[in-house]
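Results of the structural survey
Each chain, written out:
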Amino acid sequence: MNFLIVLMVVAIIIGGFVFLCFFIVKTSWFNDSHFSDPNDEIFLSFREFIDFYKLNPDRYRIEYDYDGDLSSVNVININRYGTPHRLYKIKFKLFSFIRFYYWSKNNKKREKQRDDNEKMRGFLEIVQKDINSIRERAENEVREAEMITNEVGGRL
């Protein structure tokens, strides 16, 4: 029995070590400088990022690579020609990055759900228009039938 407990503790320690190594590598890759001007790169804690993000979510662009993994977080500005222009690249320390990583995954799911809801709303509006037109046609047919009935009843 003690052997199983020791084995579980060792497995948890190894798993935790692998988990931390994964995020250390991912964080260092995420925080690597890919731009020529390192002055445009800033470090924020996750809490600071969320506080700023809530002010204007449209200003922050969370970019993903072709595999769907996080690529970068940029603060953008729309220039006078209407095109987005990157102002700053946001970087995180390890634990802030872990929190951001899971937040962005959930945020991606929320955006997909919002898009799906918007599509469903548009579809339901079309269906409602169809229902209204069928109801209108049915009411017109009922009125015509009443007029014919009244006409026939008036002749008798």
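Up top is the structure these notes are about.
Below is a summary of the structure that appears in this document. Given the structure is predicted, the values throughout are model-derived calculations rather than measurements.

1. Some words on the overall build of the chain
- Counting its secondary structure elements, the chain contains three helices and four strands.
- Reading the helices (α) and strands (β) of the chain from amino to carboxyl end gives α-β-α-β-β-β-α.
- Every one of the 156 residues in the chain was classed for burial, and the buried ones make up 21%.
- Sequence separation of 24 or more characterises 60% of the internal contacts of the chain that already satisfy a separation of 6 or more.
- Surface summary for the chain: the accessible area is close to 12100 Å², and the carbon and sulfur share equals 61%.

2. Considerations on helix α3 (residues 94-155)
- An ideal rise of 1.5 Å per residue puts 92 Å on 62 residues; α3 measures up with 90 Å between its terminal C-alpha atoms.
- Buried within α3 we find Leu94, Ser96, Phe97, Ile98, Phe100, Tyr101, Trp103, Ser104 and Asn107.

3. Some thoughts on the nonpolar core
- Judged by nonpolar contacts, the single largest core of 15 residues is most densely connected at Phe49, Tyr60, Val73, Ile90, Phe92, Phe100 and Trp103.
- Secondary structure elements with two or more residues in this core: α2 (46-55), β2 (60-64), β3 (70-78) and α3.

4. Re a nonpolar patch on the surface
- On the surface, Met1, Phe3, Leu4, Ile5, Leu7, Val9 and Ile13 cluster together into a nonpolar patch covering about 780 Å² of accessible area.
- Here phenylalanine 3 lies in helix α1 (residues 2-31).
- We classify phenylalanine 3 as exposed; its relative accessible area is 60%.

Criteria and cut-off values
- Residues numbered from 1 in each chain as written.
- Predicted model: local features only at pLDDT ≥ 70, side-chain atom pairs only at ≥ 80, totals over all residues.
- Heavy atoms only, no water.
- Helix = DSSP H or I, 4+ residues; strand = E, 2+ residues; numbered from the N terminus.
- Buried < 20%, exposed > 50% of the residue type's maximum accessible area, 1.4 Å probe, protein only.
- Contact = heavy atoms within 4.5 Å.
- Areas by Shrake-Rupley, 256 points an atom, 1.4 Å probe, with all protein chains shown as cover.
- Expected span 1.5 Å × (residues − 1).
- Core = buried A, V, L, I, M, F, W, Y, C linked by side-chain atoms within 4.5 Å.
- Patch = residues over 30% accessible without salt bridge, like charges linked within 9 Å, V, L, I, M, F, W, Y side chains within 5 Å.
- Salt bridge = Lys/Arg side-chain N within 4 Å of Asp/Glu carboxyl O.

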